[in-house]
Amino acid sequence: FHILSKLGFDLVIFHPFRYIEKFCRDAGASSDVFRTSWDLANDSYLSDVILIHPPYLIALAAMYIACVHHTLDLREWFNRLNVNFGKLKTVTRDL
């Protein structure tokens, strides 16, 4: 970060956590799904995912993985979203 700053780059990162809160509330997801989604989004900072993908897609991918892990079927909720599922799969793989 300091090197980029010295080179004159402005690095602004938007975080996925606000989206996770909103999406889990909207979908009626359990607190376990919320916590796992939060942890996955937090772990995304250990890679370049946070720099490559928009925060809403990271939040959706984390939530998708958490739903699969906790065997929660939110396919109907995911289908109502106007989101490119190809991009969502890419972010899911990157997480």
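In the block above lies the structure referred to throughout.
Residues numbered from 1 in each chain as written. Predicted model: local features only at pLDDT ≥ 70, side-chain atom pairs only at ≥ 80, totals over all residues. Heavy atoms only, no water.

Asks: So what's going on with the overall build of the chain? Which residues, and what values?
Replies: Summing up its helical and strand segments, the chain has 7 helices and 0 strands in all. When the backbone C-alpha atoms are referred to their principal axes, the chain occupies close to 45 × 25 × 20 Å. When burial is assessed residue by residue, the chain has 33% of its 95 residues classed as buried. Excluding contacts between residues fewer than 6 apart, the proportion of contacts in the chain whose partners are at least 24 apart in sequence is 71%. Entry remark: accessible area of the chain is about 6600 Å², with carbon and sulfur atoms responsible for 54%. Between the centroid of the 10 positive side chains of the chain and the centroid of its 10 negative side chains there is a distance of 5 Å. (Helix = DSSP H or I, 4+ residues; strand = E, 2+ residues; numbered from the N terminus. Buried < 20%, exposed > 50% of the residue type's maximum accessible area, 1.4 Å probe, protein only. Contact = heavy atoms within 4.5 Å. Areas by Shrake-Rupley, 256 points an atom, 1.4 Å probe, with all protein chains shown as cover. Lys, Arg positive; Asp, Glu negative; His and termini not counted. Charge placed at Lys NZ, Arg CZ, Asp CG, Glu CD.)

Asks: Please set out the pattern of salt bridges residue by residue, giving values where relevant.
Replies: In total, this model carries 2 salt bridges according to the counting rule given. Its salt-bridge partner being Asp73, residue Arg75 comes within 2.9 Å of it at the nearest N-O pair. (Salt bridge = Lys/Arg side-chain N within 4 Å of Asp/Glu carboxyl O.)

Asks: Please provide a residue-by-residue account of the environment of Ile65, values included.
Replies: By the secondary structure assignment, Ile65 is in helix H5 (residues 55-69). Note on Ile65: relative accessible area 25%, which makes it partly exposed. Distance from Ile65 to Leu40, taken between C-alpha atoms, is 8.5 Å for residues 25 residues apart in sequence. Not counting residues up to four positions away in its chain, the partners in contact with Ile65 are Leu40, Thr92 and Leu95.

Asks: A description of the packing of helix H2 (residues 17-27) against H5 should follow, citing residues and the corresponding values.
Replies: At a minimum axis separation of 9 Å, H2 and H5 run at an interaxial angle of 50°. By the angle between their axes, H2 is oblique relative to H5. Note on packing geometry: the crossing formed by H2 with H5 is right-handed. Across the interface between the two elements, Tyr19, Ile20, Phe23, Cys24 and Ala27 from H2 touch Pro55, Tyr56, Ala59, Leu60 and Met63 from H5. When grouped by side-chain class, the residues that make up the contact of H2 with H5 number 10 nonpolar, no polar and no charged. (Axes fitted to C-alpha atoms, helices over the stretch in contact; angles between N-to-C directions. Parallel < 35°, antiparallel > 145°, perpendicular 65-115°, else oblique. Left-handed = near helix turned anticlockwise from the far one by under 90°. Nonpolar A, V, L, I, M, F, W, Y, C, P; charged D, E, K, R; others polar.)

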